[in-house]
Amino acid sequence: MTSVVTLHELRIREEIDIVHVRQTVREVAVSVGFSLVEQTKLVTAASELARNTLKHGRGGTAQVELEKHDGSTVVRLVFRDEGPGIPDTELALTDGYSSAGGLGLGLSGARRLADEFDLHTTPGEGTTVSVGFRAGRAAT
Amino acid sequence: MSATSVIEMGDVLLVTVQGELTDHDAVALQQDLAANVAERSSRGVLIDVSGMEIVDSFLARTLHDIAAATELLAAKTVIVGMRPEVAITLVELGLTLPGLATALTVADGLAEFGDGVRPL
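Owing to the predicted nature of the structure, the values given are computational and were not obtained by experimental measurement. (Residues numbered from 1 in each chain as written. Chains lettered and ligands numbered in written order. Predicted model: local features only at pLDDT ≥ 70, side-chain atom pairs only at ≥ 80, totals over all residues. Heavy atoms only, no water.)

**Student:** Before we go on, may I ask you to explain the side chain of A:E65 in this structure?
**Tutor:** All names here are of chain A. With respect to the secondary-structure elements, E65 resides in strand 2 (residues 60-69). For the buried E65, no salt bridge exists, and the shortest N-O distance to an oppositely charged side chain is 4.3 Å, to R76. Among the polar contacts made by the side chain of E65, one reaches the side chain of Q63 at a distance of 2.9 Å. In this structure E65 touches V4, V5, T6, L7, V74, V75, R76 and V78, once residues within four positions along its chain are discounted. (Helix = DSSP H or I, 4+ residues; strand = E, 2+ residues; numbered from the N terminus. Buried < 20%, exposed > 50% of the residue type's maximum accessible area, 1.4 Å probe, protein only. Lys, Arg positive; Asp, Glu negative; His and termini not counted. Salt bridge = Lys/Arg side-chain N within 4 Å of Asp/Glu carboxyl O. Polar contact = N/O pair within 3.5 Å; in protein donor to acceptor, adjacent residues only side chain to side chain. Contact = heavy atoms within 4.5 Å.)

**Student:** Is there a simple way to think about the interface of chain A and chain B in this case?
**Tutor:** By convention, interface size is frequently given as the accessible area that disappears when the constituent parts associate. At the interface, 25 residues of chain A touch 21 residues of chain B. For the pair chain A and chain B, the number of links is seven salt bridges. For the salt bridge of B:E20 with A:R22, the shortest nitrogen-to-oxygen distance reads 2.9 Å. The interface formed by chain A and chain B holds twelve residue pairs in polar contact (both at pLDDT 80 or more) in total. Of all the elements in the fold, those that place two or more residues in the side of chain A that touches chain B are helix 1 (15-31), helix 2 (36-55) and helix 4 (106-113) of chain A. The residue inventory of the side of chain A that touches chain B, partitioned by class, reads ten nonpolar, seven polar and eight charged. (Nonpolar A, V, L, I, M, F, W, Y, C, P; charged D, E, K, R; others polar.)

**Student:** Please clarify how the pairing of strand 3 (residues 44-51) of chain B should be interpreted in this entry.
**Tutor:** Regular strands have side chains that alternate between both faces of the sheet. Residue and element names in this part refer to chain B. Burial of strand 3 is extensive: seven of the eight residues sit out of reach of the surface. With six bridges connecting them, strand 2 (residues 12-19) and strand 3 associate as parallel partners. Across the sheet, the residue bridging to T16 is D48, located in strand 3. Tracing the backbone out of strand 2, into helix 1 (residues 23-40) and back to the parallel element strand 3 gives a crossover that is right-handed. (Pairing = 2+ DSSP bridges. Right-handed = clockwise from strand over helix to strand, strands pointing away.)

**Student:** Any chance you could explain the pattern of salt bridges here in plain terms?
**Tutor:** Side chains carrying opposite charge are able to pair once their charged atoms draw close together. Within this structure, the stated rule accounts for 14 salt bridges over all chains. Here A:R51 makes a salt bridge to B:D23, at a shortest N to O gap of 2.7 Å. Of this pair, A:R51 sits in helix 2 while B:D23 is found in helix 1, placing the two residues in two different chains. Note on accessibility: A:R51 and B:D23 belong to one class, buried. For B:D23, the salt bridge is made with A:K55, and the minimal N-O distance between the two is 3.3 Å. With one member in each of two chains, B:D23 in helix 1 and A:K55 in helix 2 form a pair that bridges those chains. When its relative accessible area of 4% is taken as the criterion, B:D23 is described as buried. Through salt bridges that share partners, A:R22, A:E48, A:R51, A:K55, B:E20, B:D23 and B:D56 make up one connected network.

**Student:** Sorry if this is basic, but what is going on with the nonpolar core here?
**Tutor:** Inside soluble globular proteins, nonpolar side chains tend to come together where they are buried. By size, the foremost hydrophobic cluster in this structure holds 63 residues, and its most contacted members are A:V21, A:V75, A:L77, A:F79 and B:I47. Among the elements that take part in this core, helix 2 of chain A stands out by supplying seven residues, more than any other. In contact with A:V75, other than residues within four places in its own chain, are A:V28, A:V32, A:F34, A:L42, A:V64, A:E65, A:L66, A:V131, A:G132 and A:F133. Residues B:L14, B:V78, B:L110 and B:F113 belong to the second largest nonpolar core, which totals ten residues. (Core = buried A, V, L, I, M, F, W, Y, C linked by side-chain atoms within 4.5 Å.)

Right, dumping it as structure tokens:
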């Protein structure tokens with residue numbers, strides 16, 4: 001049995017929205033019993049991806065979903081924008097590559113922190129990044 | 001949203017960062033600190049991050065840049081009290097921040113500067 005529930009849909013339009021995404025994701029992580037390290041990884045990845053949505057995607061949305069499979073819980077974050085897209089995804093996922101003058105660890109770092117990572121992008125149409133985080137212990 | 005305080009202890013600045021910092025807050029802190037160090041001829045800056053639940057790549061870069069800027073102004077920056085879960089996450093993110101001085105407690109951080117710093 002798998003159930004998927006969308007808990008939140010947040011807009012990312014300005015810098016303070018990155019903070020809102022972090023706070024919302026933290027609350028969800030706590031509510032499903034993530035350990036402190038799991039919470040911190042999830043919230044940090046959310047912060048990186050929300051910033052990407054704002055700075056590279058010219059704003060967009062963050063969706064927070066809860067997936068329950070047999071005995072396990074996954075928190076999934078889906079970031080969508082209708083920005084310029086990523087012309088070279090392999091390059092964008094390379095450590096240290098930055099098109100915005102950052103450290104170039106946003107996308108590659110979020111991929112490392114997550115248990116599941118999925119990226120869809122179409123030049124001129126936008127980008128969707130999905131990350132899944134599993135709780136270490138099976139939920140009962 | 002966030003509370004950042006700067007206390008002068010002898011010739012060391014003790015900076016406490018708490019709560020949620022926006023990117024703008026982080027950049028403002030960097031500029032404030034550089035100005036403060038130059039104005040007061042501080043020898044050191046201690047940044048207490050024990051109140052921070054996450055440090056992402058933007059904030060990590062800002063901390064690194066603060067240390068680099070204060071170094072040019074003849075002051076050393078020490079990052080104090082990072083939470084273990086934050087350290088684990090930063091390493092997994094790919095940020096080991098080489099060259100950044102750290103200490104576990106404010107007292108240990110102050111000890112880096114030796115004489116001239118009076119405890120509170």
